[in-house]
Amino acid sequence: MSIKEEITRRRTFAIISHPDAGKTTLTEKFLLYGGAVQEAGSVTARKKQRASTSDWMEMERKRGISITSTVLQFEYNGYKINLLDTPGHEDFSEDTYRILTAVDAVVMVIDAAKGIEAQTRKLFEVCRKRNIPIFTFMNKLDRPTREPLELLDELENVLKIGAYPINWPLGTGMDFKGVFDRLNKEVHLFERAVGGVFKAPVSIMDLKDPFVSERLSESTHKTVLEEIEMLDIAGEEFHPERVFSGEITPVFFGSAMNNFGVQLLLDNFLKYSLPPGSFTSLKGETILPEDEAFSGFIFKIQANMDPRHRDRIAFLRVCSGKFVRNINVTNASTGKKIRLSNAHSVFGQQRETVDEAFPGDIVGLIGNSNFGIGDTLTENEAIVYKAIPQFAPEHFIYLNNPDTSNYKRFRDGLEQLLQEGVVQSFQLKNNYREVTVLGAVGPLQFEVVQYRLKSEYNAESVSEPTQWSLMRWVSPAIDESELTNHVLPVGAVLAGDNKGRNVILFTSEWSLQHFMDKHPKIIISDTPFEELEAAKV
Ligand code: GDP
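The structure presented is a predicted model; accordingly, all values stated were derived computationally and were not measured. One numbering rule holds for all chains: residues counted from 1, following each sequence as written. With pLDDT at 70 or above as the cut-off, local features in this predicted model cover only qualifying residues; side-chain atom pairs require 80 or more to be listed or tallied, and sums for whole chains, interfaces and linings still use all residues. Water and hydrogen atoms were dropped before computing side-chain values, which therefore reflect all heavy atoms in the structure.

Trainee: Lay out the packing of aromatic side chains with the relevant residues and their values.
Mentor: Each aromatic ring pair is specified by the distance between its two centres and by the angle formed by the two planes. Side-chain rings of Phe, Tyr and Trp (the six-membered ring for Trp) are treated as a pair once their centres are within 6.5 Å; stacked means planes under 30 degrees apart, edge-to-face means over 60, and tilted covers the remaining angles. Taken as a whole and assessed by the stated rule, the structure comprises 20 aromatic pairs. Measuring from ring centre to ring centre gives 6.1 Å for Tyr33 and Tyr76, while their planes differ by 80 degrees; the resulting arrangement is edge-to-face. With Tyr33 in helix H2 (residues 23-33) and Tyr76 in strand E2 (residues 71-76), this pair connects stretches of sequence that are 43 residues apart. Seen in terms of ring centroids, Phe190 and Phe260 are 5.1 Å apart; in terms of plane orientation they differ by 65 degrees. Their pairing is edge-to-face. Taken together, the residues Phe190 in the loop between strand E9 (186-189) and strand E10 (202-203) and Phe260 in the loop between strand E11 (248-253) and helix H11 (262-272) connect sequence positions 70 residues apart. For the pair shown, Phe190 and Phe260 are each scored as buried. A ring is considered to have a charge above it if a Lys NZ or an Arg CZ atom is located within 6 Å of its centre and within 35 degrees of its normal. In this structure, Arg215 is placed above the aromatic ring of Phe211, and the distance from its NZ or CZ to the ring centre is 4.0 Å. Secondary structure follows DSSP: runs of H or I at least 4 residues long count as helices, runs of E at least 2 residues long count as strands, and numbering of each begins at the N terminus. A simple rule labels every residue: compare its accessible area, found with a 1.4 Å probe on the protein chains alone, to the largest value its type can have, and call it buried under 20%, exposed over 50%, or partly exposed in between.

Here it is as structure tokens:
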């Protein structure tokens, strides 16, 4: 197969959702279609198996959660699909956001009884900044849900994205009888049975067909007819290009647990998402996937998956060219030359050596190389990809070293962890002494820092809570002298991030809002300003 063909058949995506919406269940069902049945069980099993596997971080075992995200690869209908897991429960962290910089599309799973929840919304915003295709799966239709039209309205009003339902539910809750595929004019009937039952779809002329009316109560049939008519008249029009550019989201109703509507989602996803595309380098050049020179960037670093080796896995997204084992590359971010001999694909606990990989694929590089988040590895030194965006933390602590004689180990350890992007650090300004505050998107990251300082650097640390829960970058156009304590709300402070950029730490959403209302000229953002600029290019 030519490299072009390899690229064309690839799809690289992630599933985003709020905890318990059904991401794991849907992932498992996807894998069934991919024939990765045996492994499929391990996705849910992963949650439980934890306790019995010895080669995981002890902390992970204690908490019974997953700190790691896994990359799943499976084949379906000639496609090669890379599905990146986005940690979402207690292990929600900056990594979850970073993973979204390495995918070409996302599937957003929504619990149809609840609608859009906080975490989905945050993840959605990150995806939107990249204009990638977003597919929506309204899950749990076998149970009572909110009104389908209301769910669509919410997508449009809360997320501000056009919604085009590809299929539409015939009744909800106990009356849920199946879905109507609007593009193919087919009815898929739902049968209540453990694990779901496959029923071939039935073609109909329209919803007035007796095949439909006979199966629905009179009132449900009437409602469905009205809803579809309304969608046809007042709803969005379906254009694949608008899906590709992330302007509209195709919406699917179904039940992951019953494996209902999943194939419809998968087939349409493959049809209306794009193969790996180009990336823009720091210099503004477009790097095409089929370009000859291999290039990729590191979007996640996972430490200590196996404590016996104390190794790290750097996850690399291949952007161009072909990756082969033992390839000689340059880390364009540091200028260092490296031979990539220890490349693996990682599926849960299992690792397999990777001999070759193509654009869209994810390679796990194992070893102790000092890679940093966002590093570009390439055969063509001229390619340097833009840094992975930084995301505003929502949890802050002071981290102190209780043992002054051990200062070097504490400092070196923390420096390394900061380079790996485990947490972010901030220096408080206008303070009589130098104070470092650590910030993270998910609070578990602090435990990771403390655990790793101890286990890898033999450095104790003591954490202390702070009063802050939000931070914003301040526009570089604002002079620091304007940010005095008189201007900032009570409890808020000015600090510098690791690149010396001004940030403000706030105590609450209310305090942040109050500040924004009172000082509209002080422009602040939840992403650094140069990244906002870069995103526009
Ligand atoms: P995650 O936290 O998003 O990965 O969610 P899970 O896949 O673990 O699902 C959360 C809960 O919802 C589990 O108890 C699932 O069995 C249940 N669930 C998932 N899909 C469905 C569905 O289609 N219908 C119903 N009734 N329950 C579901």
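Alright, that's what it looks like, and here's the rest.
Trainee: Quick rundown of helix H14 (residues 509-518)? Include the residues and the values.
Mentor: Turning to H14, its buried residues number three or more, namely Ser511, Leu512 and Phe515. Around the axis of H14, the buried residues are gathered within 100 degrees of arc, so they sit on the same side. Residues of H14 that are exposed and point more than 90 degrees away from the buried face comprise Trp510 and Asp517. Contacts are residue-level and defined by heavy atoms, with any inter-residue pair within 4.5 Å sufficient. Looking at the buried positions of H14, the neighbouring elements they touch are strand E28 (470-474), strand E30 (502-506) and strand E31 (524-525). The arc refers to the directions leading from the helix axis to the C-beta atoms.

Trainee: Outline the sheet that holds E10, listing residues and values.
Mentor: We call two strands paired when DSSP finds no fewer than two bridges between them. Taken in spatial order, the four strands line up as E7-E8-E9-E10 in an open sheet, and their pairing is antiparallel. The open sheet has two free edges, formed respectively by strand E7 (167-170) and E10, since each of these has just one partner strand.

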